[in-house]
Amino acid sequence: LAAMVDAPFIVQTGIGTGSAQFAAMGADLRVRGRVSDEAITVIQALLRGETVESALLGMGPASLGLRPTRPVEWWIGGHAPATLRRAATLGTAWYGGPSLTTGESERLIAGYHAACRAQGSSPRAIVRRDVLVLEDGDRARARAGAMVADLAMGTKIPSGTTRHLPTLAMFP
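In this numbering scheme, every chain counts its residues from 1 along its sequence in written order. Totals for whole chains, interfaces and linings use all residues, but because this is a predicted model, local features are given only for residues with pLDDT of at least 70 and pairs of side-chain atoms are given and counted only at 80 or more. To obtain the side-chain values, all non-hydrogen atoms of the structure were used and water was disregarded.

Looking now at the nonpolar core. Most often, soluble globular proteins have nonpolar side chains that are buried together. Of all hydrophobic cores here, the largest spans 16 residues; its most connected members are Ile76, Trp94 and Tyr112. Secondary structure elements follow DSSP: runs of H or I of four or more residues count as helices, runs of E of two or more count as strands, with numbering from the N terminus. At the level of secondary structure, the elements contributing two or more residues to this core comprise strand E4 (73–77), helix H3 (81–90), helix H4 (102–119) and strand E6 (125–132). It is H4 that provides the largest number of residues to this core, a total of five residues. Two residues form a contact once any of their heavy atoms are found within 4.5 Å. Not counting the four nearest positions on each side in its chain, Tyr112 is found in contact with Leu84, Ala87, Ala88, Ala93, Trp94, Ser122, Pro123, Arg124 and Ala125. Among buried residues, the Ala, Val, Leu, Ile, Met, Phe, Trp, Tyr and Cys ones that are joined through side-chain atoms within 4.5 Å form a nonpolar core. Under the scheme applied here, a residue whose accessible area is under 20% of the maximum for its type counts as buried, over 50% as exposed, and between as partly exposed, the area being computed with a 1.4 Å probe on protein chains only.

On to the pairing of strand E3 (residues 59–62), then. Walk down a regular strand and you will see the side chains alternate between the two sheet faces. Between any two strands, pairing holds if DSSP finds at least two bridges. Pairing between strand E2 (residues 52–54) and E3: two bridges, direction antiparallel. Looking at E3, one finds that Ser54 is bridged to Met59.

By convention, a stacked pair of Phe, Tyr or Trp rings (six-membered ring in the case of Trp) has centres within 6.5 Å and planes under 30 degrees apart, an edge-to-face pair has planes over 60 apart, and any other such pair is tilted. A full pass over the atoms with the stated rule returns two aromatic pairs. Here the aromatic rings of Trp94 and Tyr112 are separated by 6.4 Å at their centres, their planes lie at 35°, and the arrangement is tilted. Of this pair, Trp94 sits in strand E5 (residues 93–96) while Tyr112 is found in helix H4, placing the two residues 18 residues apart along the sequence. Across the pair, exposure class does not vary: Trp94 and Tyr112 are buried alike.

A separate point is H4. A helix is expected to span 1.5 Å for every residue after the first. Over its 18 residues, H4 runs 25 Å from end to end, which matches the ideal 26 Å to within 8%, given 1.5 Å per residue. Residues of H4 that are buried include every one of Ser105, Leu108, Ile109, Tyr112, His113, Ala115 and Cys116, and no others. Here the buried residues of H4 occupy an arc of 160° about the axis, which is enough to place them on one side. Exposed residues on H4 whose side chains face more than 90 degrees from its buried face are Glu106, Arg107, Arg117 and Ala118. The directions considered for the arc run from the helix axis to the C-beta atoms.

Turning to a nonpolar patch on the surface, a few remarks are in order. A cluster of nonpolar side chains, Leu1, Met4, Val5 and Leu66, forms an exposed patch at the surface whose accessible area comes to about 490 Å². As for its placement among the helices and strands, Met4 is situated in the segment before strand E1 (10–13). Met4 gets classed as exposed once you look at its relative accessible area, which sits at 63%. A patch is a set of surface residues, each over 30% in relative accessible area and not in a salt bridge, joined within 9 Å for like charges and within 5 Å for the nonpolar side chains Val, Leu, Ile, Met, Phe, Trp and Tyr. Only the protein chains shown count as covering a residue, and every accessible area follows the Shrake-Rupley method with a 1.4 Å probe. Salt bridges are identified by distance alone: a Lys or Arg side-chain nitrogen within 4 Å of an Asp or Glu carboxyl oxygen.

Okay, the pattern of salt bridges next. Two side chains bearing opposite charge may form a pair once their charged atoms approach each other closely. Inspection of the entire model under this criterion finds five salt bridges. Note that Arg30 and Asp28 form a salt bridge whose closest N and O atoms lie 2.9 Å from each other. Owing to a relative accessible area of 74%, Arg30 belongs among the exposed residues under this scheme.

Glancing now at the confidence of the model for the protein. Per-residue confidence from the predictor is reported as pLDDT, a score between 0 and 100. Looking at the protein as a whole, the pLDDT averages 82, with 85% of positions reaching at least 70. Between the elements of the protein, mean pLDDT differs from a low of 40, seen in strand E7 (residues 164–171), to a high of 97, seen in E2. Taken as a whole, residues 153–172 scores under 50 in pLDDT and shows 50 contacts with residues more than four places along the chain or in a different chain.

Position of Gly120 among the secondary structure elements: in the loop between H4 and E6. Looking at Gly120, the relative accessible area reads 68%, which means it is exposed. The sequence separation of Gly120 and Thr89 amounts to 31 residues, and the corresponding C-alpha distance is 8.9 Å.

This is the structure we're talking about:
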């Protein structure tokens, strides 16, 4: 998709923690960080036009014929220290999800900034906030809580929503 238009393209990556999700895919939860690091590195190289191979991913020499005209941004989300290091090393931004409290966001952004200083990279933290607008404030708060819980579990947004407005708050 990034190669089809001359516009910014963002890949968002989070590796998860649920053992049931990994088991359903036949993946090993214990090596998810190493595999994710390798996959991000390989895909970024492919998008830059390089020929790459990876024993860890079980792939021989590969390249892309169609490549993006602009660099692809890579936002890496998560809460673990390893995720913050991964975002500082491999990402163009750390991405915080809408369920984070202000205190959690501040703590994670500080950890991400520290990881960037250690790597010599420039920090760019993005925290997502969702706004649900309904006529009844109590109903909106109840529906929004259910929506965030459902989104975290990978289910659909409940029907009957008047308006769902995703927003991004960016921190330098």
